[in-house]
2 protein chains.
Amino acid sequence: MSMKNLLDQPFVHWMSSGAQDGDIVLASRIRLARNLEGIPFPQRANGEQLSQVVSQLKSSLCDLNSNEQSDYMFIDLEKLPLLERLVLVEKHIISPDHAREASNRAILVKQDTTVSIMVNEEDHLRIQCLMPGLNLVKAFTSANQVDDIIENKHALAFNEELGYLTSCPTNLGTGLRASVMVHLPALVLTGQINRIVNAVIQLGLTVRGLYGEGTEAVGNIFQISNQLTLGFTEQEIIDNLYSVVKQVVDHERTARGGLYADTTDMLVDRVWRAYGTLKYARSISGQEALALLSDVRMGYELGIINEGSNCNFNELMVITRPNFLQKMSDCPELSGNERKKLRAQIIREKLTND
Amino acid sequence: MSMKNLLDQPFVHWMSSGAQDGDIVLASRIRLARNLEGIPFPQRANGEQLSQVVSQLKSSLCDLNSNEQSDYMFIDLEKLPLLERLVLVEKHIISPDHAREASNRAILVKQDTTVSIMVNEEDHLRIQCLMPGLNLVKAFTSANQVDDIIENKHALAFNEELGYLTSCPTNLGTGLRASVMVHLPALVLTGQINRIVNAVIQLGLTVRGLYGEGTEAVGNIFQISNQLTLGFTEQEIIDNLYSVVKQVVDHERTARGGLYADTTDMLVDRVWRAYGTLKYARSISGQEALALLSDVRMGYELGIINEGSNCNFNELMVITRPNFLQKMSDCPELSGNERKKLRAQIIREKLTND
């Protein structure tokens, strides 16, 4: 994928369909926090030191390309307008934090968009691997390979007792955050979601909305991730998350089955009405679009609906985000109303071209 | 139209499109109340007398057929199950009152369904003519012709001073009730409807819902009719109603134009969403269906919507009524849910076949 495509095209690899538990799990993400030895953490570093981090990491491009047999793109965030940085957030390529400030920040993105390395976010490096469906092991293997290549070239801040040193103590140790994006409409509809979320939290995990901390679970999409990084091996962290997510997936699947069996008419009607509204509305808010897409996605997975089944709902969820819409528009600054109209138009076109 | 078609097919003549002011006026109706001389009014008559009225009127069939150059059907309501009588109400061929009791009641219906004569409703005869659009004069001419044929054959209860004698004093004199069915969604949406209705009442007219007295104006459909029958000539009654309806139509047209100009995006979105819901819902109540059909009908008249434009919305409004649905169903008694499903299915088929 070229840089132009990365910014202009909605589709990135994690949106692929047909992955393991893809009816409920949208994507799996592994993130490793690393820092270069002898340079202060980004928040404490001066401009020169930050720039030094960027150039050191840029010099790894060659090693990444030869070892990974793939082309990496180096993107200097300073050269990217805010809008394009925000589009990358909506596509889950970078974090909201990384988009906010551009000075001395960069990313390295693998050709197939599965790996992105954020430079000078909270830590010098955040290696991120994003895979479709429930795919934590593959994502970890991928991130680990990149980590090895970096570690071969640069001395990383590491302590025998504490493990990898990170800017925030919650990332100390493995520096690993593993997270899974899940779609839980039936648990929400049947009112079981609070119980499930509390149980997951009790097991030492975190549950957040679609775009990370402090965001709401719009479209019934939740992110489940590990809380602790210290005192466990990477394997233990991943195994624990995997087994909890597997249980959540089972609960959702059972809830969907029950909902379908007990309230068939209501559910079928609800799903088709959502589809009809998405297909014909001329103005739609982001919140409503995600809620309706959630119904349609579930209806498609339950076999209720066939029309529009070739649409990629993961992609549609990203296309309809505000910054992506602005990026697609010819208008220099969309008003709220114009954005709602454009959103409705794009959804309509996608569902009609199906 | 055969009797089978009259009962099975939703379409009757008044639903035709392309009539005068058909964008707002659904239909015009003239009803003449008449009684045979020397026989008590139906509520006071015994079975034998009522039966005598039926056979006298039945004997007019020949005269009607030769004078009107059309075949009239004679339908003995006693031989029609309640459901089929109620279907005739939904198609506005007979009144709810006439359907309630069947004993010694009958109707004579002209082949093209423009004229129906109810026998032994509140009066011995109620000659009714129903025309599409704003067409009071033509409807009156038609009803009058039938009245002349009947009067040539039978002595009618008539008093030089009071005019035609009727069971209820509100019908005394001309025995004429002229009414017009109008669709006023923009006056409702812009909150002007109460003011307009009050003004119409001040002018001595009555405003009611879709199925007569005491029914709500579902689907934003209102019936405007004359209140007084005594002390005015037929011409005066019709002229007065015509000129008031013309003003209401102008107000509605202005309100539609204003609504479209001032809130284009909102209105376009509303209309298309209504269409999308009708096209995809799998269960829908009669109330909701009429409300959505009202939006779509207005959208079609304003040129907002083209899809489905070959659908006859007047027909759809009748098809989706409870008794017509029951008549179309194979099920001996539809439950509320089954009816909602069948209604949604029929609307979907109509909009898809378009």
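Residues numbered from 1 in each chain as written. Chains lettered and ligands numbered in written order. Predicted model: local features only at pLDDT ≥ 70, side-chain atom pairs only at ≥ 80, totals over all residues. Heavy atoms only, no water.

Per an unreviewed UniProt entry, chain A goes by the name Protein-arginine kinase and belongs to Pelosinus baikalensis. Word for word, the UniProt comment on chain A under Sequence similarities (unreviewed entry) is "Belongs to the ATP:guanido phosphotransferase family." (UniProt positions renumbered as here; feature names shortened; annotations may be inferred.)

(A) Looking closely at the interface of chain B and chain A. Each partner contributes to the interface: chain B provides 17 residues, whereas chain A provides 17 residues. Where chain B abuts chain A, roughly 1,500 Å² becomes buried across the two surfaces, and 52% of that area is made up of carbon and sulfur atoms. Three residues, Arg-273, Tyr-280 and Arg-282 of chain B, lead the burial of chain B against chain A; their summed loss comes to 44% of the area buried on that side. At the junction of chain B with chain A, the criterion picks out four salt bridges. Summed over the shared surface of chain B and chain A, the result is 14 residue pairs in polar contact (both at pLDDT 80 or more). No other element matches the 10 residues that helix α10 (residues 264-280) of chain B contributes to the side of chain B that touches chain A. (Contact = heavy atoms within 4.5 Å. Buried area = accessible area lost by both parts, 1.4 Å probe. Salt bridge = Lys/Arg side-chain N within 4 Å of Asp/Glu carboxyl O. Polar contact = N/O pair within 3.5 Å; in protein donor to acceptor, adjacent residues only side chain to side chain. Helix = DSSP H or I, 4+ residues; strand = E, 2+ residues; numbered from the N terminus.)

(B) Highlighting the nonpolar core. The biggest cluster of nonpolar side chains holds 207 residues, and the ones touching the most others in it are Ile-30 and Ile-117 of chain A together with Ile-30 and Ile-117 of chain B. Contacts of Ile-117 of chain A, omitting those with residues within four sequence positions, involve Leu-64, Tyr-72, Ala-106, Ile-107, Leu-108, Leu-125, Arg-126, Ile-127, Val-146 and Ile-150 of chain A. (Core = buried A, V, L, I, M, F, W, Y, C linked by side-chain atoms within 4.5 Å. Buried < 20%, exposed > 50% of the residue type's maximum accessible area, 1.4 Å probe, protein only.)

(C) Broad picture of the packing of aromatic side chains. All told, the structure shown has 11 aromatic pairs over all chains when counted by the stated rule. Ring geometry for Tyr-275 of chain A versus Tyr-280 of chain B: centroids 5.1 Å apart, planes at 85 degrees, classification edge-to-face. Pair noted here: Tyr-275 of chain A is in helix α10 (residues 264-280) and Tyr-280 of chain B is in helix α10, and the two residues belong to different chains. Assessed through its relative accessible area of 0%, Tyr-275 of chain A is described here as buried. Here Tyr-280 of chain A and Tyr-280 of chain B contribute two aromatic rings whose centre-to-centre distance is 6.4 Å and whose plane-to-plane angle is 40 degrees, an arrangement assigned as tilted. In this pair, Tyr-280 of chain A sits in helix α10 while Tyr-280 of chain B sits in helix α10, so the two residues belong to two different chains. (Phe/Tyr/Trp six-rings, centres within 6.5 Å; stacked < 30°, edge-to-face > 60°.)

(D) Representation of the relation of the copies chain B and chain A in the model. For the pair chain B and chain A, the best superposition has an RMSD of 0.0 Å and corresponds to a rotation of 180 degrees with a translation of 0.0 Å parallel to the axis. As the rotation angle and translation indicate, the two copies are arranged about a two-fold axis. Of the C-alpha atoms belonging to chain B, the one lying closest to the rotation axis is found on Gly-276 of chain B, 2.2 Å away. Both copies contact each other with a shared surface, as 100% of the interface residues of chain B are interface residues in chain A too. (Least-squares fit on C-alpha atoms with pLDDT ≥ 70 in both.)

(E) Layout of the sheet that holds strand β4 (residues 115-119) of chain A. Residue and element names in this part refer to chain A. Taken in spatial order, the eight strands line up as β2-β3-β4-β5-β1-β8-β10-β9 in an open sheet, and their pairing is antiparallel. Where the open sheet ends on each side, the last strands, each with one partner, are β2 (72-76) and β9 (205-208). Adjacent strand axes in the sheet meet at a mean angle of 20 degrees, parallel and antiparallel pairs treated alike. As paired elements, β2 and strand β3 (residues 106-110) share five bridges and run antiparallel to each other. Residue pairing for β3: Asp-76 is matched across the bridge by Ala-106. This element, helix α9 (residues 234-262), spans β1 (25-34), β8 (176-183), β9 and β10 (221-226) of the sheet and lies at about 10 degrees to β8. (Pairing = 2+ DSSP bridges. Axes fitted to C-alpha atoms, helices over the stretch in contact; angles between N-to-C directions.)

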